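# Analysis of the macromolecular model
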Amino acid sequence: MQRNLFACALAALVLATPAWSQQASDATAPEASTATSTARLVTAKSYMVAAANPIAAATGAEVLKQGGSAIDAAVVVQTMLGLVEPQSSGLGGGAFLVYYDAGRKRLTTLDGRETAPQMATPKLFLDKDGQPLKFMDAVIGGRSVGTPGTVRLLQEAHNRWGRQDWNRLLEPAAALADAGFAVSPRLAALIAEAGDGLKKYEATRNYFFDTSGAPLKAGALLKNAAYAETLRLIGERGADAFYTGRIAEAIVDTVRMAAGNPGVLVLNDLADYRVRERQPVCISYRALDVCGMGSPSSGAVAVGQTLGMIENFDIKGLGPDNPQSWRIIGDAQRLAFADRGRYLADTDFVPAPIKGLMEKDYLGKRAALLDGDKALADDAVKAGEPEWDHALLFGRDKALELPSTSHFVIVDRDGNVVSMTTTIENGFGSRLMTNGFLLNNELTDFSFETHDNGVPIANRVEPGKRPRSSMSPTIVMKDGKPLLAIGSPGGSQIIGYVTQALIAYIDWGKDVSQIVAMPHLLNRFGTFEIEAGTQAEKLADPLKALGYEVKIGDMNSGLQAIEITADGLKGSADPRREGVAIGE
Ligand code: DON
């Protein structure tokens, strides 16, 4: 069966060839909201993949059809996404995996987050006068590049739970890189919008622009021989071929020689990179267990805290059209973000009161702040005082995050479940490219400032530390079995997107296609963010009347979800991006 994998995967690619590859159409604006459109509800009996690109989803589904495991399919989906959706994730980035092992009935999380180089200092993002750099000045170039974690994560997951031959799983993406793929409308539009930053470095410029300097159009055939060669080397020699030897040397040279903004990465940073297994962070919510990624992500804690607070209110009775529902959800999110800003960072470096932050007593006290019927005043939204056994004080931080990233979910025939969020941080990462892949700018997820009024900031840069993330790959458990796998891109808005989808599913009884398409509302720092061009705009005036400042704008989530029921699987992909769910 394994011998057929490659041939079948290529056949699947032909079947999956999306409409945009048939003609060179004009690029459509990718960030324009299509949230009023509905998402397709896909049902299946035994396996399913939902990913942000149809080619990646189809090749993943083909692996499952051939009897591959969910992790085999994840290797194929990720290596394919690195080719066809290179702006969002890839070999040069990092990822978090939440995995349910059906055989052992066990939930595990693997942390493949990028790390700060050993030579990085807390002042990495300060100028010579001690002032924080402008965000994009920090992003573009070598300074922001952390040691990538995705390749080690894939290898580690495959060593534990893979079934098919590693080498062959990398072949579908290698073969497509050689043959060429049609640039998608979203990729074309993002290249066109990227500005001069994407042209700054030669390898990147040569890849994303034609010989006359024009951005590649949707439907253009794009080949990537260097990526194919990289994958085949990793296929033959494993992840070590990435973390040592000529690929590692090229990564280090690219980072250290980046004109105008070099970084401090060295070969030892790559050779020493380790994936960490972490305890899943779970909260019980209305008889379910909502589980996700703990440190260095703030995702599961912030999602869990919000749910833990709103569990004290009748959100179901109030319903999704009631501004009071959104007041409670929005102010619970603000309180969770206040705690996140003060306490959450890589717990290998700073102690964080995770247990205290998730305790129902603590969340009950925080929820009591929401008892009124008007917006909380700004000065009432402060970090709380959870139980903890360390006496450390941290200042608030103001890290900024901007769009890219991808989320995929996979369920195989045996009931193993993958929920993985994967990123190179900003769209096109650091804009540096080597060996056919883009390098991340994940280090800009650290706080640029080291102190807040003299108090150290938990998420400051430190050598070997992992920057705080908001990525929230989630698996919801019911009676010890997985019920729903979900996650999204969107920077720190991820927390709101995932929380809203969970509330819509659990409290409002919506199905997976409705929860991924539903118009967004969220509140991180006081301003209510409402998705433009959707029904949610009707809530703008009522929320203003409750005392909120309101901002209506694009909210470009990329939620993918699969529900696992006794009758089979139901899956859906966010209509705001190019994803699909495929299963059988
Ligand atoms: O780890 C994080 O939270 C961010 N680097 C993720 C970036 C992201 O989702 C960009 N979004 N569209």
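Residues numbered from 1 in each chain as written. Predicted model: local features only at pLDDT ≥ 70, side-chain atom pairs only at ≥ 80, totals over all residues. Heavy atoms only, no water.

The name given to the chain in an unreviewed UniProt entry is Glutathione hydrolase proenzyme, with Mycoplana rhizolycopersici as the source organism. What the UniProt record of the chain gives under Pathway (unreviewed entry) is the line "Sulfur metabolism; glutathione metabolism." (UniProt positions renumbered as here; feature names shortened; annotations may be inferred.)

Once that is clear, we can look at the side chain of Arg152. Topologically, Arg152 is positioned in helix H5 (residues 150-161). Those residues in contact with Arg152, other than ones at most four positions away along the chain, are Ala239, Asp240, Tyr243, Tyr273 and Val275. (Helix = DSSP H or I, 4+ residues; strand = E, 2+ residues; numbered from the N terminus. Contact = heavy atoms within 4.5 Å.)

By the definition in use, this model includes 11 aromatic pairs. For the ring pair Tyr207 and Phe208, a centre distance of 4.9 Å and an interplane angle of 80° mean the geometry is edge-to-face. Each member of the pair, Tyr207 as well as Phe208, carries the same accessibility label: buried. Judged by centre distance (5.2 Å) and plane angle (80°), the rings of Phe208 and Phe428 are edge-to-face. Of this pair, Phe208 sits in helix H9 (residues 202-208) while Phe428 sits in the loop between strand E11 (417-423) and strand E12 (433-434); the two residues are 220 residues apart in sequence, bridging distant segments of the chain. In this structure an aromatic cluster arises from ring pairing among Phe242, Tyr243, Tyr273 and Phe437. (Phe/Tyr/Trp six-rings, centres within 6.5 Å; stacked < 30°, edge-to-face > 60°. Buried < 20%, exposed > 50% of the residue type's maximum accessible area, 1.4 Å probe, protein only.)

Spanning 12 residues, helix H14 (residues 299-310) covers 17 Å between terminal C-alpha atoms, matching the ideal 16 Å at 1.5 Å per step. Across the 12 residues that make up H14, a large majority, 12, are buried. (Expected span 1.5 Å × (residues − 1).)

Position of Pro172 relative to the elements: it lies in helix H7 (residues 171-179). Along the primary structure Pro172 and Gly579 are separated by 407 residues, whereas in three dimensions their C-alpha atoms are 19 Å apart.

What follows deals with the site of the ligand. The ligand sits among 17 residues. The nearest are Glu442, Asp445, Ser469, Ser470 and Gly491. Interatomic distance of 2.7 Å between a side-chain N/O atom of Glu442 and a nitrogen atom of the ligand. Protein chains shield 99% of the accessible area of the ligand, which is 340 Å² for the free molecule. Residue classes in the shell around the ligand are distributed as 5 nonpolar, 7 polar and 5 charged. (Near = heavy atom within 4 Å. Polar contact = N/O pair within 3.5 Å; in protein donor to acceptor, adjacent residues only side chain to side chain. Areas by Shrake-Rupley, 256 points an atom, 1.4 Å probe, with all protein chains shown as cover. Nonpolar A, V, L, I, M, F, W, Y, C, P; charged D, E, K, R; others polar.)

In terms of burial, strand E21 (residues 560-565) is a largely internal element, 5 of the 6 residues being buried. Across 4 bridges, the pairing between strand E17 (residues 481-487) and E21 is antiparallel. In the strand pairing of E21, Ala485 is matched with Ile562. Hairpin connection from E21 to strand E22 (residues 568-573): 2 residues lie between these consecutive antiparallel strands. (Pairing = 2+ DSSP bridges.)

Strand order in the open sheet formed by 7 strands is E1-E22-E21-E17-E16-E9-E8, and the pairing between neighbours is antiparallel. The open sheet has two edge strands, strand E1 (42-44) and strand E8 (281-285), and neither has a second partner. Taken pair by pair, the neighbouring strands of this sheet meet at an average axis angle of 20°, ignoring direction. Sheet strands in contact with helix H19 (residues 493-506) are E8, strand E9 (288-292), strand E16 (474-478), E17 and E21, and its direction is about 140° off that of E17. (Axes fitted to C-alpha atoms, helices over the stretch in contact; angles between N-to-C directions.)

A few words on the sheet that holds strand E3 (residues 94-101). Taken together, the 7 strands give an open sheet; going across it, the order is E7-E4-E3-E11-E10-E2-E23, and neighbouring strands pair in antiparallel fashion. Only two strands of the sheet have a single neighbouring strand rather than two, namely strand E7 (276-278) and strand E23 (580-583). Ignoring strand direction, the axes of neighbouring strands in this sheet form an average angle of 15°. Sheet topology note: the strand E2 (residues 48-51)/strand E10 (residues 406-411) ladder contains 3 bridges and is antiparallel. Within the sheet, the bridge partner assigned to Met48 lies in E10 and is Val411.

Remark: helix H3 (residues 70-84) packs on H5, axes separated minimally by 9 Å, with the N-to-C direction vectors making an angle of 160°. Overall, the two elements H3 and H5 adopt an arrangement that is roughly antiparallel. Handedness of the crossing formed by H3 with H5: left-handed. Contact residues: Ile71, Asp72, Ala74, Val75, Gln78 and Thr79 in H3; Thr150, Leu154, Ala157, His158 and Trp161 in H5. Of the residues contributing to the contact of H3 with H5, the split by class is 6 nonpolar, 4 polar and 1 charged. (Parallel < 35°, antiparallel > 145°, perpendicular 65-115°, else oblique. Left-handed = near helix turned anticlockwise from the far one by under 90°.)

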